[in-house]
Amino acid sequence: NQTLVCGNINGITILLGSYADEIQTFNSLIGEFQFYQNSLNPTLMEVNTIWNNSYNLIYAANAIVEGLEQSPIAEIDKNRLGGEALFMRAYIHFHLLNLFGEIPYAKNAIANWTINKMTANPYLIFAHNSHTVAKKTTPDSANNQAISTI
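Quick notes on the rules
Residues numbered from 1 in each chain as written. Predicted model: local features only at pLDDT ≥ 70, side-chain atom pairs only at ≥ 80, totals over all residues. Heavy atoms only, no water. Core = buried A, V, L, I, M, F, W, Y, C linked by side-chain atoms within 4.5 Å. Buried < 20%, exposed > 50% of the residue type's maximum accessible area, 1.4 Å probe, protein only. Helix = DSSP H or I, 4+ residues; strand = E, 2+ residues; numbered from the N terminus. Contact = heavy atoms within 4.5 Å. pLDDT = per-residue confidence, 0-100. Phe/Tyr/Trp six-rings, centres within 6.5 Å; stacked < 30°, edge-to-face > 60°.

1. Description of the nonpolar core
Next up, step 1: Core analysis: the biggest nonpolar cluster contains 14 residues, and Leu 4, Phe 35, Ile 50, Tyr 55, Ile 58 and Leu 96 have the highest contact counts within it.
Next up, step 2: Among the elements that line this core, the one with the most residues is helix H3 (residues 45-69), at four residues.
Next up, step 3: With residues up to four places along the chain from it excluded, the contact list for Leu 4 reads Gly 11, Ile 12, Ile 50, Ser 54, Ile 92, His 95, Leu 96 and Leu 99.

2. Observations regarding the confidence of the model for the protein chain
Next up, step 1: In this model, the protein chain carries a mean pLDDT of 77, and residues with pLDDT of at least 70 account for 71%.
Next up, step 2: Taken element by element, the predicted model of the protein chain shows its lowest mean pLDDT in helix H5 (residues 120-137) (66) and its highest in H3 (88).
Next up, step 3: For residues 146-150, every residue scores under 50 in pLDDT, and the model assigns this stretch eleven contacts once sequence neighbours within four places are set aside.

3. So, helix H1 (residues 12-19)
Next up, step 1: Looking at H1, one finds that the buried residues are Ile 12, Leu 15, Gly 17 and Ser 18.
Next up, step 2: Buried positions along H1 lie against helix H2 (31-36), H3 and helix H4 (75-100).
Next up, step 3: Looking at the residues trailing H1, positive phi occurs at Asp 21, about 65°.

4. Things to note about the packing of aromatic side chains
Next up, step 1: Evaluated as defined, the whole model comprises five aromatic pairs.
Next up, step 2: Where Tyr 19 meets Phe 35, the ring centres are 6.4 Å apart and the plane angle is 75°; that geometry is what we call edge-to-face. You can see Tyr 19 sitting in helix H1 and its partner Phe 35 sitting in helix H2, a full 16 residues away along the chain.
Next up, step 3: Classification of Phe 35 as buried rests on a relative accessible area of 3%.
Next up, step 4: Taken together, a centroid distance of 6.2 Å and an interplanar angle of 40° make the contact between Phe 33 and Tyr 36 tilted. A residue pair is termed a helical-turn pair when its members lie 3 or 4 positions apart in one helix, as Phe 33 and Tyr 36 do in helix H2 at three residues.
Next up, step 5: On the accessibility criterion, Phe 33 (14% relative accessible area) is buried.
Next up, step 6: Accessibility expressed as a relative area gives 23% for Tyr 36, which makes it partly exposed.

5. Let's talk about the environment of Ile 92
Next up, step 1: Mapped onto the elements of the fold, Ile 92 is located in helix H4.
Next up, step 2: Among the residues examined, Ile 92 registers a relative accessible area of 2% and is labelled buried.
Next up, step 3: Along the sequence, Ile 92 and Thr 3 sit 89 residues apart, while their C-alpha atoms lie 10.0 Å from each other.
Next up, step 4: Not counting the four nearest positions on each side in its chain, Ile 92 is found in contact with Leu 4, Ser 54, Leu 57 and Ile 58.

6. A closer look at the environment of Gly 17
Next up, step 1: On the secondary structure map, Gly 17 appears in helix H1.
Next up, step 2: Taking the relative accessible area as the measure of exposure, Gly 17 reaches 9% and is therefore buried.
Next up, step 3: Here Gly 17 is in contact with Ile 12, Glu 22 and Ile 23, once residues within four sequence places are set aside.

In structure tokens:
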């Protein structure tokens, strides 16, 4: 419930709405008020929570993709689950890139590894590739066909 893409007060909708003055925040005792005042710093709990929980989700998405390679489940299920995981990985990386600028792009599930920051251009190539695979392998729940747009 405390991650980048959640629907509560800890998600980017509320926090960035406060940051951009779309939402007025009057309670100075909550982290959202720091967003409202545009006084963010890396030690702010909400900033740390967004960063850490987002990379936990990216790690989980990568673990799903890697785990599916050895899984005995049906190929159609592997494709759907893998496509959904790739989409989530790209979606979260996209928001982190927009929030923080250059970010580490994690494309495997190794927990303690060293990765370099990536600027927008190489990231967009990886995100496009992940989106292409997700689009081809994730069925549309409305008519059970491949997704044509996201």
